[in-house]
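Observations on chain architecture
Next come the chains, spelled out residue by residue.
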Amino acid sequence: MTNQTKSQFIAVASITSELSAVMVVAKEISLAAANAKAIAFRAGDKAKGFQPITDFINELAKETIELVTNINIYALVLYRLTVDEFQKSTAYNKFELAAKMAEDAVYAKSMQEPLDHARLSMQDCQRQFKRDVSQLLGQLEAVMHHARAARVIAANSRIEASQAGEYLQSLQAVAESVDKAAHTIHDNVQRCRIALSIYRNS
């Protein structure tokens, strides 16, 4: 197995692990939104401004879960492409070795066509990997956008919570949990982007 193939396997395994963590956190945000909704309902007019915020939080959580689900499908495709590339690279290397060993043989030229075919097949697999990496990076950027939006919403939530009287601490706790979760998602997705970005232009 080449160093390139090994690093691709490691990168794909890494983003799968990071995205599993993102999925857990996104579900926690959804739960926080449900809790906030219940608290805002009990608080009534004291948390009137907080009520629509809970809908935004919940919507962001749902969209993030959907994005991560789609990204996981891409990650699986990248894994399969890496396996395919490894097999085709191995085949090409064997053809190349056989061609060198047979360069003085009578039918040496007959090796050229399968060698060219193996090389083109390997290169096509490498190009497909880069294309899929670019698409995956675009989807990861969308998750980052959601994480940034969640942090803005958390900041607004703190402001609205300050008007909620005796419910202030409960709603502040929700805002803090959303902010913390958004920060975690941002960091996890950033690690995914770093792991993949080297393959976009390699």
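In what follows, the accompanying structure is described.

1. A look at the overall build of the protein
Secondary structure assignment for the protein yields four helices and zero strands. For the protein, the C-alpha radius of gyration of 25 Å lies well beyond 17 Å, the compact-globule estimate for 202 residues. Its C-alpha atoms put the protein at 90 × 20 × 20 Å along the principal axes. Taking all 202 residues of the protein together, 37% fall into the buried category. Within the protein, contacts between residues at least 6 apart in sequence are counted, and of these 84% link residues at least 24 apart.

2. Details of the packing of helix α1 (residues 3-43) against helix α2 (residues 51-101)
Close contact between α1 and α2 brings their axes to 8 Å; oriented N to C, the two are set at 165°. What the angle tells us is that α1 and α2 run roughly antiparallel. Read as a crossing pair, α1 and α2 show a hand that is left-handed. Considering only residue class, the contact of α1 with α2 consists of 22 nonpolar, twelve polar and four charged.

3. Considerations on the nonpolar core
Phe50, Leu140, Leu171, Ile185 and Leu196 are the most contacted members of the largest nonpolar core, which has 52 residues in total. Sorting the residues of this core by element identifies α1, α2, α3 (112-161) and α4 (168-200) as the ones contributing at least two each. Top element by residues in this core is α1. It accounts for 14 residues. When residues no more than four places from it in sequence are discounted, the contact partners of Leu140 are Leu19, Ile71, Val189, Cys192, Arg193 and Leu196. Tyr92, Ala99, Ala118 and Met122 belong to the second largest nonpolar core, which has five residues in total.

4. Re the side chain of Glu85
Mapped onto the secondary structure, Glu85 falls in helix α2. Despite its burial, Glu85 pairs with no opposite charge, the nearest such side chain being Lys130 at 8.9 Å. If sequence neighbours within four positions are ignored, Glu85 has contacts with Gln4, Gln8, Cys125, Gln126 and Phe129.

About the cut-offs
- Residues numbered from 1 in each chain as written.
- Predicted model: local features only at pLDDT ≥ 70, side-chain atom pairs only at ≥ 80, totals over all residues.
- Heavy atoms only, no water.
- Helix = DSSP H or I, 4+ residues; strand = E, 2+ residues; numbered from the N terminus.
- Rg over C-alpha atoms; globule rule 2.2 N^0.38 Å.
- Buried < 20%, exposed > 50% of the residue type's maximum accessible area, 1.4 Å probe, protein only.
- Contact = heavy atoms within 4.5 Å.
- Axes fitted to C-alpha atoms, helices over the stretch in contact; angles between N-to-C directions.
- Parallel < 35°, antiparallel > 145°, perpendicular 65-115°, else oblique.
- Left-handed = near helix turned anticlockwise from the far one by under 90°.
- Nonpolar A, V, L, I, M, F, W, Y, C, P; charged D, E, K, R; others polar.
- Core = buried A, V, L, I, M, F, W, Y, C linked by side-chain atoms within 4.5 Å.
- Lys, Arg positive; Asp, Glu negative; His and termini not counted.
- Salt bridge = Lys/Arg side-chain N within 4 Å of Asp/Glu carboxyl O.

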